[in-house]
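Remarks on the overall topology
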Amino acid sequence: MKKRILALVLAVLMTAALCACGGGKSPAAQPSDTPIGSAGEKAQGGEITVGIAADLDTSLDPHVSSSSAGTREVLFNIYEGLVKPDTDGNLIPAIAEDYTVNETADTYTYTLREGVRFHNGKTVTVGDVVYSLTRAAGLETGEPLVAELGGIAAVEAKDGKTVTVTLKKPDAEFNAYMHAAIIPEGIDPAAEVVGTGPFRFVSRTPQDNIVLEKFADYWGTGAMLDKVTLKVIPDGQTMVMSLRSGAIDMTNHLTASQIADLQDLTILEGGSNIIQALYLNNDFEPFRDVRVRQALCYAIDREGVIDLANDGHGIPLASSMIPSMGKYVVPELLELYKPDPEKAKALLKEAGYEKLRFTITVPSSYPAHVDAAQVIVEQLRAAGIEAEINLVEWATWYDETYKGRQFESTVVGMDTHSLAASGCLARFQSESGKNFINFKSAKYDETYQKALATVDDTEQTALFKECETILAEEAANVYIQDSASFAVMQKDIAGYVFYPALYIMDLSTVYRVQ
Amino acid sequence: MQVVLKKTGVLLLTLLLVSGFAFLAFEIIPGDPTTMLLGSDYTPERAAALREEMGLDRNVFLRFFAWVTAFLRGDMGTSYSYAMPVREVLRGKIAVTAVLSLMSWVLVVAVSVPLGIALVRYQHKPFGLIGNSLNQVLMAIPSFFLGILLTYVFGLVLKLFTPGRFVPLEESAAGSLGYLLFPALAISLPKIAKTARLLRASILSEMKRDYVLTAYSHGSSRWMVIKNHVVRNALLPVITYLAMSLADIVASSIIVEQVFVVPGLGRLLVASISNRDYPVALCIVVMIASVVVVMNYLADILTQAVDPRVRLM
């Protein structure tokens, strides 16, 4: 352990020395919720270049669920749904002006806002809404494009400005999925990018850039900037250099170690909105025994991981719930497993796995997860557990670990697509296609289904919390953290805000200071 | 004439083998384009339908044959990741990588030959000694790391260029070349060091030959001997090395491009492999392989021009 840490320290020192860049120990980041900038004036207009770590997906179809988080956060600026999330984690009316839900929570009625226009100049009609929702929910093909909308039974236009959505069974959380994009009737979004958002899509060059322009006819408070160029820079070191040189004006999702060199720029700290954990394949022979899984929970010290891998910037997690989803979080669960290597050893002995060995598969393209895995290996060693890291390329991880479920354990972060609790919890139902850890608990399935059918918010929240408690008590995974994410911008850029729970990069509020 | 035919035959065979191996490699590594396209929520039926649509359900040899015949007709296929013709995806990027590689190569040739000769001429002077040790250091630094150092020194400290702000060729050729000079330096410096050292060693071993003694006996000075007799002979192995190093340069430019955010083939190749975008990856692989084979051929011709005793077979 000591040797590893020493090596790490040396490596960091060497890098720092070679780059001849000093920087304080723990970078002071400003609070995230107040848009800050210099004392200057907000300037309307202008253009900026934003660095993004990965090129957008093939298809910019907003209904395709495969879109990566990086694509979704950009599409947020182009497309809107009937409702949209705001910075406080609420859903605010967007294309719909208002909505009502009946008492049994199976019929939702939306009234459209007047005069909302698409980027092609056409006004949004009920026809467009019916077309979009029918397409997203797969009502004609029988296969929903947006999995969350699978519960829709019918979408009908009641009159010129009202649309009703009927569900197959009650779902009090349904409105949270209605940020699904509204697109013009008859348009194939894979071929044509037309939405109603504050920015419109102009062009893209593969592996190079994406250009967005302000949409002048936006219904609400439009974008401050006239033009945004998103530049694809996959290498973290190069991203930092480009910020320092001024080639890019802004980027989000930097890690604690990356911002050390950027102290003279504006740094905002927010959550990554991911659930980072040592995900355990509950079907792997030793992990079938709950005592073994619990032993791992006792052996791993999440605070230690956060300190060593993230310079202390991260929120510890005890179950599958993103911390910014406030009311659903169960803080008491953090007390469930206090780091205790001896207890871990005892539990392993009891289970008959005194010499436990397993591999941790980690996608190599995510340095944050690789770093966390390295700390975890050292912590496990202290409890007499031999874990070995197996670095794989992302496509391999996706194919073998996630889809194929051929793994023993893996360190990754899971995100959510909606503001509903189900976004974090649905995957752990025994038969869910996304349940890649093979977690099986009849009690969990039952509680989860009961929660979905409960209309009363307080009662429903309590049931979801019970689901989280089951995950923690059963030690389905070893939960680590929601790591901090840093947005960094030049001193003359301000207005960037973080959103809770979702992966969003809102460019409309960003402006240049004069 | 026969030689040209023979060499062209070798070129075609090499390309066929290289693309064949690349095709097989993609077959062996896990992950396929459909999973990358469909994402997390999809039914096996949808995956199967997409595989059929993309022709991935056919036998690998049939697919390879179809790819080769289409390629020969000039149809490079459609990129899976960008849903547009490969030709379109590569447009503009080939020129950038080509300019960068050529620039680096010209730097290598222009600097390393005089440098190698100078290192022998001033072998025991401070220039030779310092030059030699500097050479050792440069040889040991990988291009991408040199790239980071150059960005830092010339970009952030001296502000001679703005790292990350590449000027497109069509916008300003001068600006573009000015920016590319720095990645070109990162690529060429280690190569210059290697080539100069090779030439130096070659000249020194040539100096031990009998004809050098004869030349001395005619009363020539050491420098005259080197200049008039030795260099020509000593250049032979260096020419082969230089020609082949162009292929090497194309390969390192792929890495260095990423450090300097140059929108060339480099990142596209890396991305197309990790996205399993075979049509794009294969096309780039075939292009690089062609450069290697053609350069080998040119090296043979050049060697013959310098040394008439060598005959192309």
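Residues numbered from 1 in each chain as written. Chains lettered and ligands numbered in written order. Predicted model: local features only at pLDDT ≥ 70, side-chain atom pairs only at ≥ 80, totals over all residues. Heavy atoms only, no water.

1. Regarding the overall build of chain A
Scanning chain A from terminus to terminus reveals twelve helices and 21 strands. Here the C-alpha atoms of chain A give a radius of gyration of 24 Å, agreeing with the 24 Å that 2.2 N^0.38 yields for 514 residues. The contacts of chain A with a sequence gap of at least 6 include a subset with a gap of at least 24, amounting to 71%. Across chain A, the 43 positively charged side chains and the 70 negatively charged ones have centroids separated by 4 Å. (Helix = DSSP H or I, 4+ residues; strand = E, 2+ residues; numbered from the N terminus. Rg over C-alpha atoms; globule rule 2.2 N^0.38 Å. Contact = heavy atoms within 4.5 Å. Lys, Arg positive; Asp, Glu negative; His and termini not counted. Charge placed at Lys NZ, Arg CZ, Asp CG, Glu CD.)

2. Some words on the confidence of the model for chain A
On average, residues of chain A score 87 in pLDDT, and 92% of them are at 70 or above. Here residues 1-39 of chain A is modelled with pLDDT under 50, and outside its nearest four sequence neighbours on either side it reaches 38 contacts, counting other chains as well. (pLDDT = per-residue confidence, 0-100.)

3. So, the nonpolar core
Membership of the largest hydrophobic core comes to 40 residues, with the highest contact counts inside it found for Tyr279, Leu425 and Tyr444 of chain A. Within the residue set of this core, elements represented by two or more residues are β14 (275-280), α9 (394-403), β18 (409-414), α10 (422-425), α11 (442-453) and α12 (457-473) of chain A. If one sorts the elements of this core by residue count, α12 of chain A sits on top with five residues. Judged by nonpolar contacts, the second largest core, of 38 residues, contains Val108, Val113, Ile192 and Ile249 of chain B. (Core = buried A, V, L, I, M, F, W, Y, C linked by side-chain atoms within 4.5 Å. Buried < 20%, exposed > 50% of the residue type's maximum accessible area, 1.4 Å probe, protein only.)

4. Concerning the interface of chain B and chain A
Contacts between the two partners involve 40 residues from chain B, matched on the other side by 38 residues from chain A. Of the roughly 3,300 Å² buried between chain B and chain A on both sides combined, carbon and sulfur atoms contribute 58%. As a salt-bridge pair, glutamate 393 of chain A and arginine 276 of chain B come within 2.9 Å of each other at their nearest N and O atoms. Between the two partners, chain B and chain A, sit seven residue pairs in polar contact (both at pLDDT 80 or more). For the side of chain B that touches chain A, the elements supplying multiple residues, two or more each, are α2 (33-38), α8 (143-157), α11 (222-259) and α12 (265-274) of chain B. Take the side of chain B that touches chain A: its biggest share by element is six residues, from α8 of chain B. (Buried area = accessible area lost by both parts, 1.4 Å probe. Salt bridge = Lys/Arg side-chain N within 4 Å of Asp/Glu carboxyl O. Polar contact = N/O pair within 3.5 Å; in protein donor to acceptor, adjacent residues only side chain to side chain.)

5. So, the domain arrangement of chain A
Residue and element names in this part refer to chain A. Domain parsing of chain A yields domain 1 (72-177) and domain 2 (272-484). With 16 residues of domain 1 at the contact, the number on the domain 2 side is 16 residues. Note on domain 1 versus domain 2: buried area summed over both sides is about 1,100 Å², and carbon and sulfur give 52% of it. Summed over the three residues of domain 1 that lose the most area to domain 2, namely Arg72, Ala172 and Glu173, the buried surface amounts to 43% of that side. Here domain 1 and domain 2 share one salt bridge between them. Between arginine 72 and aspartate 415 there is a salt bridge, and its shortest N-O distance comes to 3.3 Å. Linking domain 1 with domain 2 are five residue pairs in polar contact (both at pLDDT 80 or more). (Domains from an automatic or database assignment.)

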